[in-house]
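What the coordinates show
Residues per chain, in single letters:
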Amino acid sequence: MPPGSAARVTLTKAGSRPSSPSLNTMTSVTIPPPVPVPVVSQFSSSPPLRSLSPEELMEQTQVLDDLMDNIGMGKFQKQLLVLCGLGWFADNMWLQCIALILPRVQAQFEIRDQYIGILSSSMFVGMMFGAMFWGTLSDVYGRKQAFNFTLIVTTVFGIGASFANSYWLLCLLILGLGFGVGGNMPVDGALFLEFTPKKNQYLLTFLSIFFSFGAVATSILGYFLLPRYSCETPVEGGCQGKGWRYMLLAMGSLTLSMVVGRVILFRLEESPKYLLNQNRHQEAAVVLCRIYKINHKETQSEAFDENIETLTLRFNRPVNAGDISSSDESSSSASDASEADMSDIENSRNGSSGRRRTESNNHGRSRRQNGNGGSGIQHHRPPGGVGNGNGGDHHSKTWIMFQRYRRRWRYRIEKALERLEPLFVPEFRLSTILIWIIWALVAFAYTAFNVFYPKFLQEHGQGGHQPLQLVYMDILIYAAAGVPGSVIATVMVEGRLGRRYTMAVSTFGTALATILFAVLSSRAAMTTFSAILSLLATLNYAVLYSYTPEVFPSDIRGTACGVAAAMSRLAGIITPLIVGVMLSVNTYFPLYTASIMFFVSAVCMCFLPIETKGRAAT
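Reading the values: the criteria
Residues numbered from 1 in each chain as written. Predicted model: local features only at pLDDT ≥ 70, side-chain atom pairs only at ≥ 80, totals over all residues. Heavy atoms only, no water. Axes fitted to C-alpha atoms, helices over the stretch in contact; angles between N-to-C directions. Helix = DSSP H or I, 4+ residues; strand = E, 2+ residues; numbered from the N terminus. Parallel < 35°, antiparallel > 145°, perpendicular 65-115°, else oblique. Left-handed = near helix turned anticlockwise from the far one by under 90°. Contact = heavy atoms within 4.5 Å. Patch = residues over 30% accessible without salt bridge, like charges linked within 9 Å, V, L, I, M, F, W, Y side chains within 5 Å. Areas by Shrake-Rupley, 256 points an atom, 1.4 Å probe, with all protein chains shown as cover. Salt bridge = Lys/Arg side-chain N within 4 Å of Asp/Glu carboxyl O. Phe/Tyr/Trp six-rings, centres within 6.5 Å; stacked < 30°, edge-to-face > 60°. Buried < 20%, exposed > 50% of the residue type's maximum accessible area, 1.4 Å probe, protein only. Lys NZ or Arg CZ within 6 Å of the ring centre and 35° of its normal. Polar contact = N/O pair within 3.5 Å; in protein donor to acceptor, adjacent residues only side chain to side chain.

**Here we look at the packing of helix α2 (residues 54-71) against helix α13 (residues 302-314)**
Helix packing for two helices is described by the angle between their axes and how far apart those axes are. Between α2 and α13, the shortest axis-to-axis distance is 10 Å and the interhelical angle comes to 150°. Judged on the interaxial angle alone, α13 and α2 are roughly antiparallel. For α2 against α13, the interelement crossing comes out left-handed. Residues Glu59, Gln60, Val63, Asp66, Leu67, Asn70 and Ile71 of α2 form the contact with α13, whose participating residues are Ala303, Phe304, Asn307, Ile308, Thr310, Leu311 and Arg314.

The structure is reproduced here in structure tokens:
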């Protein structure tokens, strides 16, 4: 065929499953003369769609919103709602589990108060790094991979923790558990939001009901397992009850059943918004057609087909060659830098040892002699010297390897930091800062109360003589009281208050309930105000978890949610350690501090610049 001529061919997708009449029928199209466009890997983290103008990007988003409206809220979204909800369920389930077993672990390993908080801190350390890792991974490699692997990691470490034979090994395993479970909420929330039509995006707030049920499920198991298999009073040499081990094993088995539901029983599709951000328009179209077929038995509507055609033909432009070149240069800079480092290091070492160059018979490298001008005569060096093959060469290779990995990790960190830059553009700067402060303060206050609530009840309920059965009954009431908060939040966010002021009002109420819990000492008053606190705190978290992903666009949503959750985990890390010190000063001091933190975070909520009520996720 002469160069530059057009060809008429028939296209079909080999090996693909039928998804819709419009995409399955073989189509005869005219292909223009080939243009040398570099291939963009689906795993590339470079900014996609750079050939589209901002107006075209907005128009593409609108077309995708229209397609999601055509698909509607059907079977696929309802199944996804449950599966994403199970991730939120697991998040709070494990947090509540650590709080419940804390006194039992302390009794068995005889840990002092100032060190017992390390167990909770280990959980939050893992959750912080997990939130950042899985959130960024979902932006770079797709939501699907992170969605599947978070619960798998959680299951492995959760079951393993039940067999820990020392306190410090238990802390290490709980850290790994936290790393897995920490990605559930940022990844699952972003994934559900991107598959949901605009008019149904308020259901992201409803996901928090699973968060509440996670605490209830753990409290029910704790009520039946912990009092029966634990010691009521301290035992010399440590209580050897296995109640906390049974709790961890039960939680791990329950998480394993969630993995089966996610990975085996449900076929998750990659997010269309992620695929469009990666310039993979045809794959996004296939995913949308599959979801349409799941939700609707009839043939695709004419409006849906027109939007699919617009999405795949109008916006499917190749990336500019110049942009690709710069992307290729940046992607190869790490390896090039590593090789340059190795060359510089080796040359520097060779110069300091008399311009020594080793020659490999297999690879054709030559050897120069120290001070010999290449005469071919080898001078023997002292054993263990720089030029000695048994000592110096090994040391040199180790140093070069260290430098290579150091440069690679530095490059990866720099690339990760680059992903944070869009969060601080003028449009999102104030929102980013306030959201980070809110997440940190609310997490500090809630953790200060929640983590030590079972220990507080056991030591101060009924004058310090409250039986374990009543302690865990009060905890069950506290957990169950939070369930209506999710439902109330779902209604309130669509009302006159909107997202921001619903959060603010509920958080002010939480601060007041915390003070009243601390001041009133009767069991009835403590149970009542702890239940009110649980209700309002759950309402607050329900809105906060849905508000955060709604503020940011899809290309940085996973990173934004991941960092926000990481701020929450960072606060969770230091809170148990600080509260442990506070308990040695005054038992009620942590409660007053928590109330102040709730109040300050409520004030910050009032100054959030973006109200997301009625706004489609971009």
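**Considering the environment of Pro549**
Counting through the fold element by element, Pro549 comes out in helix α21 (residues 523-551). Considering only alpha carbons, one finds Pro549 and Cys561, twelve residues apart in sequence, at a separation of 6.1 Å. Once you skip the residues sitting within four places of it in the chain, Pro549 turns out to touch Leu193, Leu204, Arg557 and Cys561.

**Here we look at a nonpolar patch on the surface**
A surface patch of nonpolar side chains, amounting to about 800 Å² of accessible area, comprises Phe149, Ile152, Val156, Phe157, Leu256, Val260, Val263, Ile264 and Leu265. Among the elements of the structure, α5 (143-161) and α10 (243-264) are those that each provide at least two residues to the nonpolar patch. The residue Val263 is located in helix α10 in this model.

**Observations regarding the packing of aromatic side chains**
For the coordinates displayed, the defined rule picks out 26 aromatic pairs. Ring centres of Tyr167 and Trp168 lie 5.0 Å apart, and the angle between their planes is 70°; on these two criteria the pair is classed as edge-to-face. Look at Tyr453 and Tyr478: their rings are 4.7 Å apart centre to centre, the planes differ by 40°, and that puts the pair in the tilted class. Within this pair, whereas Tyr453 is found in helix α17 (residues 453-460), its partner Tyr478 is found in helix α18 (residues 468-481), the two being separated by 25 residues in sequence. Judged by relative accessible area, Tyr453 falls into the buried class, the value being 2%. An aromatic cluster is built from Trp88, Phe211, Trp439, Tyr446, Tyr541 and Tyr545, whose rings are joined through pairwise contacts. Here the guanidinium or amino end of Arg262 rests over the ring plane of Phe147, the centre of that ring lying 3.8 Å away.

**Observations concerning the side chain of Arg500**
Inspection of the secondary structure puts Arg500 in helix α20 (residues 498-519). On the accessibility criterion, Arg500 (16% relative accessible area) is buried. In terms of polar contacts, Arg500 uses its side chain to reach the backbone carbonyl oxygen of Leu608, at 2.6 Å. Not counting residues up to four positions away in its chain, the partners in contact with Arg500 are Tyr547, Met605, Leu608, Pro609, Ile610 and Glu611.

**Side note on the environment of Ser534**
Within the fold, Ser534 resides in helix α21. For the pair Ser534 and Pro484, spaced 50 residues apart in sequence, the C-alpha separation works out to 9.8 Å. Filtering out sequence-adjacent residues up to four positions away, Ser534 remains in contact with Tyr478, Ala479, Ala481 and Gly482. From its side chain, Ser534 meets the backbone nitrogen of Gly482 in a polar contact 3.4 Å long.

**What to know about the pattern of salt bridges**
Any two side chains of opposite charge can pair if their charged atoms end up close together. Scanning the entire structure with this criterion turns up eleven salt bridges. Here Glu269 ties to Arg290 by a salt bridge, and the two come within 3.4 Å at their closest N and O atoms. One end of the pair, Glu269, is in the loop between α10 and α11 (272-277); the other, Arg290, is in helix α12 (residues 281-295), with 21 residues separating them in the sequence. When sorted by exposure, Glu269 lands in the same class as Arg290, which is buried. The salt bridge partner of Arg499 is Glu550, with a shortest N-O separation of 3.1 Å. With a gap of 51 residues between them, Arg499 in helix α20 and Glu550 in helix α21 connect regions that are remote in the sequence. Taken together, the salt bridges that share partners define one network made up of Asp139, Arg143, Glu194 and Arg557.

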